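Here are the chains, one letter per residue:
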Amino acid sequence: MSSVTDTAPVPATRTAAGEPRKPRKPRGGFFLGLAAWIIGILFVLPVVWMVITSFHSETDAATNPPSLGAPLTLQGYREFFGASTGTSPWPPLANSMTASVLSTLLVLLLAIPAAYALSIRPVRKWTDVLFFFLSTKMLPIVAGLLPIYLFAQSVGLLDNIWLLIIFYTSMNLPIAVWMMRSFLAEVPVEMLEAAAVDGAGLTRTLRSVVLPVVAPGIAATSLICFIFSWNELLFARVLTATVAQTAPVFLTGFVTSQGLFLAKVCAAAVVVSLPVIIAGFAAQDKLVQGLSMGAVK
Amino acid sequence: MSVAVDTEAPEGRAAPPPGTLRRTGDWARRAPLLPALIFTIIVTQLPFVATLVISFMNWNAYYPDERGFAGLDNFRRVFTDVNMRESVVTTIILTVAVVLVSLVLGLVIALLLDRKFRGRGAVRTMMITPFLIVPVAAALLWKHALYNPEYGLLNGSLTALWKLFGSDDAPQPEWLTNNPLIAVEVALIWQWTPFMMLILLAGLQSRPLDVIEAARIDGASSWDIFRYMTLPHLRQYLELGALLGSIYIVQNFDAVFTITSGGLGTANLPYTIYQTFYNAHDYGRASAAGVVVVIGTIVIATLALRTVSSLFREENAR
């Protein structure tokens, strides 16, 4: 299905075929492997540093040179959860969760039937429709921000989480339609025909033939939509204030101008990133497919 | 207004032959598509029409009485305004630098990861991690935990390194103030290299290995194989990565907003438009700038769509 998923057989063939050249391989191979390790460590280092700092006290976090072995404490996390300020991060986190989950569900509700009409029983000129969806993704969203703001203001929807849900749905719908179409296109026509010959109705065909094949695709699509909604800052910042504020907006307001705040900020960054990190590691292989809208398999 | 107009034109948007609409089968097929299509048109296309209308209006929320038709005034101000012009240049530099560097780095890392070595899975996971940090959190991390001249990790490491050799006067550069744009770019490259790497790795792993083996047996060197077989095969993946990266980075707001607040010559177009509208409340000028960005994006998007559609045709041919 996806070439990234198929990593296992690929190296296997290559080693088997590459065996005659073995005498030359080990040394160069060792150094190239080492290079890969060094680059990988360099890339993950800031994240590791973020996690370590989040468990340090504010004074230990702000030393020069860095105090690596400083005692670990949960103070940063306690501060993030409002130990001294009394400002709880839970409402913004809950808002982010609501906006991400509900918009993802809405996206699936709209995208799956649309993808069905673009793949299994395609409408005429279905490629045009598909590219229309993609083109909306390419228009810079900042250019549509003002009318949406003015509209929300005039109908009293500012600082309302539903406005974000609707907007995030439109933001992710094109990706979801593309992804779901490429997943649905993998349902073998013969299976559909066989089901029709056996007299299975539409509901039964969908449930017992289509669903098992596309279930992993639906999961991957949901994860991608969730991540994008969770990360979004610009619209959330403009369209929400105190009530519907999301986690990224909360984060931007978290840095204080006086006093030490590094451990607290790192703790906040860890907590806010956690859902995405979990989702991303769970669906590593599907990440490319989602970000390239199903163009790369 | 919409990019779709551009892309559909070459394929010919002929009017449906008379009588098509009467066929009920057609409508049964279209029905599942309609909710998504109507929703998308209302939420994404109508605001752009409104932006276009407002861009020709004199509309500032601070002076509500002066609202009226402005003709091309807003556009003239967009093109003559120094800030706006600078932000166009900044956007281009930022996008080109981030996309090119992360693409080259991504290619090198993808080639390294395409080989078999101990702990390959672990390195791949480490490489992906930067991409999974929420962009605002990543920007805060770079600004405060790494770039900070007093206690950031960069200067902290310099101090530790100099101490190691018995010196107390390690250089402590002001990373953000000295090179603000490069600082923003490095933070973005850190987040986007994994994306490029993933796309290129997928491309590498879809190479026809038997052909490459045949070439190797025929005595082709590793460089020849890379130059004449791998690179041509990767071309469309490189293009896809470049164009998708451009689309996302042209629109970047989080990094600029968080790391420099658009100061020190790092304000890109999305940030400038945001300011014109959110702080200056000049709706007419913000909309005109928005229209300019849209027109600029259409150029990139048309290229992007062409690339994606070439990938797409190949998939269909399979």
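Residues numbered from 1 in each chain as written. Chains lettered and ligands numbered in written order. Predicted model: local features only at pLDDT ≥ 70, side-chain atom pairs only at ≥ 80, totals over all residues.

Observations concerning the overall build of chain A
Line of reasoning, step 1. If you tally the helices and strands in chain A, you get 14 helices and 0 strands.
Line of reasoning, step 2. Evaluated residue by residue, chain A yields a buried proportion of 47% over its 297 residues.
Line of reasoning, step 3. Considering only intrachain contacts with a sequence separation of at least 6, the fraction spanning at least 24 residues in chain A is 78%. (Helix = DSSP H or I, 4+ residues; strand = E, 2+ residues; numbered from the N terminus. Buried ≥ 20, exposed ≤ 12 C-beta atoms within 10 Å, placed from the backbone. Contact = placed C-beta atoms within 7 Å.)

Focus: the overall build of chain B
Line of reasoning, step 1. Secondary structure summary: chain B contains 15 helices and 2 strands in total.
Line of reasoning, step 2. Per-residue burial for chain B yields a buried fraction of 45% across its 318 residues.
Line of reasoning, step 3. Partitioning the contacts of chain B with sequence separation of at least 6, the portion at a separation of at least 24 is 73%.

Looking at the interface of chain A and chain B
Reports of interface size often rely on the accessible area that becomes lost once the parts have come together.
Line of reasoning, step 1. On the side of chain B, 93 residues touch chain A, which itself brings 88 residues to the contact.
Line of reasoning, step 2. Looking at the side of chain A that touches chain B, the element that brings in the most residues is helix 2 (residues 25-54) of chain A, giving 16 residues.
Line of reasoning, step 3. Residues belonging to the side of chain A that touches chain B are distributed by class as follows: 65 nonpolar, 20 polar and 3 charged. (Nonpolar A, V, L, I, M, F, W, Y, C, P; charged D, E, K, R; others polar.)

Things to note about the UniProt feature "transmembrane region" (unreviewed entry) in chain A
Residues and elements named next belong to chain A.
Line of reasoning, step 1. Feature annotation in UniProt assigns "transmembrane region" (unreviewed entry) to the following positions: residues 30-52, 97-118, 130-149, 161-180, 209-230 and 261-283.
Line of reasoning, step 2. Secondary structure within residues 30-52 divides into 100% helix and 0% strand; the distance between the first and last C-alpha atoms comes to 30 Å.
Line of reasoning, step 3. The distance from the first to the last C-alpha atom of residues 209-230 is 33 Å, and the span holds 100% helix and 0% strand. (UniProt positions renumbered as here; feature names shortened; annotations may be inferred.)

Details of the nonpolar core
Line of reasoning, step 1. Of all hydrophobic cores here, the largest spans 168 residues; its most connected members are Ala111(A), Leu164(A), Ala176(A), Val177(A), Ala269(A), Ala137(B) and Ala187(B).
Line of reasoning, step 2. The element that contributes the greatest number of residues to this core is helix 8 (residues 161-184) of chain A, accounting for 16 residues.
Line of reasoning, step 3. Residue assignment places this core across two domains, with domain 1 (5-80) and domain 2 (90-253) of chain A each supplying three or more.
Line of reasoning, step 4. Apart from residues lying up to four places away in sequence, Ala111(A) is in contact with Leu173(A), Ala176(A), Val177(A), Met180(A) and Ala36(B). (Core = buried A, V, L, I, M, F, W, Y, C linked by C-beta atoms within 7 Å. Domains from an automatic or database assignment.)

Thoughts on the packing of helix 10 (residues 180-205) of chain B against helix 12 (residues 222-250) of chain B
Residues and elements named next belong to chain B.
Line of reasoning, step 1. Taken N-terminus to C-terminus, the directions of helix 10 and helix 12 make an angle of 150°; their axes are 9 Å apart at the nearest point. With respect to helix 12, the element helix 10 is oriented roughly antiparallel. Every pair of crossing elements has a handedness; the one defined by helix 10 and helix 12 is right-handed. Contacts between helix 10 and helix 12 involve Leu188, Trp192, Phe195, Met196, Ile199, Leu200, Gly203 and Leu204 from the former and His233, Leu234, Tyr237, Leu240, Gly241, Gly245 and Ile249 from the latter.
Line of reasoning, step 2. Looking at side-chain class alone, the contact of helix 10 with helix 12 contains 11 nonpolar, 4 polar and no charged residues. (Axes fitted to C-alpha atoms, helices over the stretch in contact; angles between N-to-C directions. Parallel < 35°, antiparallel > 145°, perpendicular 65-115°, else oblique. Left-handed = near helix turned anticlockwise from the far one by under 90°.)

Points about the confidence of the model for chain B
Residue and element names in this part refer to chain B.
Line of reasoning, step 1. Taken as a whole, chain B shows an average pLDDT of 81; of its residues, 88% reach a score of 70 or greater.
Line of reasoning, step 2. Element-level mean pLDDT values for chain B span from 39 in helix 1 (residues 3-11) up to 91 in helix 7 (residues 135-146).
Line of reasoning, step 3. Below pLDDT 50 for its whole length, residues 1-22 participates in 27 contacts with residues either more than four positions away or in separate chains.
Line of reasoning, step 4. As scored by the predictor, the complex reaches a pTM of 0.81 and an ipTM of 0.81. (pLDDT = per-residue confidence, 0-100.)

Structural notes on the domain arrangement of chain A
Line of reasoning, step 1. Taken as a whole, chain A is organised into domain 1 (5-80) and domain 2 (90-253).
Line of reasoning, step 2. The straight-line distance from the C-alpha centre of domain 1 of chain A to that of domain 2 of chain A is 34 Å.

Some points on helix 10 of chain B
Line of reasoning, step 1. Along its 26 residues, helix 10 of chain B runs 38 Å from first to last C-alpha, staying within 8% of the 38 Å computed at 1.5 Å per residue.
Line of reasoning, step 2. Within helix 10 of chain B, the axis deviates most sharply at Gln191(B), by approximately 30°, and proline Pro194(B) lies no more than four positions further along. (Expected span 1.5 Å × (residues − 1). Bend = angle between axes of the 7 residues up to and from the residue.)

Here's the deal with the environment of Arg30(B)
Line of reasoning, step 1. Inspection of the secondary structure puts Arg30(B) in helix 2 (residues 24-30).
Line of reasoning, step 2. Residue classification places Arg30(B) among the partly exposed residues on the basis of 16 C-beta atoms within 10 Å.
Line of reasoning, step 3. Separated by 225 residues in sequence, Arg30(B) and Ala255(B) place their C-alpha atoms 41 Å apart.
Line of reasoning, step 4. If sequence neighbours within four positions are ignored, Arg30(B) has contacts with Ala117(A) and Val123(A).

Considerations on the environment of Asp159(A)
Residues and elements named next belong to chain A.
Line of reasoning, step 1. Examined against the element boundaries, Asp159 turns out to sit in the loop between helix 7 (142-155) and helix 8.
Line of reasoning, step 2. Sequence separation of Asp159 and Phe250 is 91 residues, and the distance between their C-alpha atoms is 14 Å.
Line of reasoning, step 3. Excluding residues that lie within four positions of it along the chain, Asp159 makes contacts with Thr240, Ala241, Thr242, Val243 and Ala244.

With respect to the packing of helix 6 (residues 126-138) of chain A against helix 8 of chain A
All names here are of chain A.
Line of reasoning, step 1. Two elements in contact, helix 6 and helix 8, have axes whose closest approach is 8 Å; the angle formed by their N-to-C orientations is 140°. Looking at the two axes, helix 6 sits oblique to helix 8. The way helix 6 lies across helix 8 gives a crossing that is left-handed. Residue-level inspection shows Leu130, Phe133, Leu134, Thr136 and Lys137 of helix 6 in contact with helix 8, the latter providing Pro174, Ile175, Val177, Trp178 and Arg181.
Line of reasoning, step 2. Along the lines of polarity and charge, the residues of the contact of helix 6 with helix 8 split into 7 nonpolar, 1 polar and 2 charged.

Re the confidence of the model for chain A
Line of reasoning, step 1. Here chain A averages 80 in pLDDT, while 86% of its residues score no lower than 70.
Line of reasoning, step 2. Throughout residues 1-25 of chain A the model reports pLDDT below 50, and contacts reaching past four residues in sequence, or to other chains, amount to 21 contacts.

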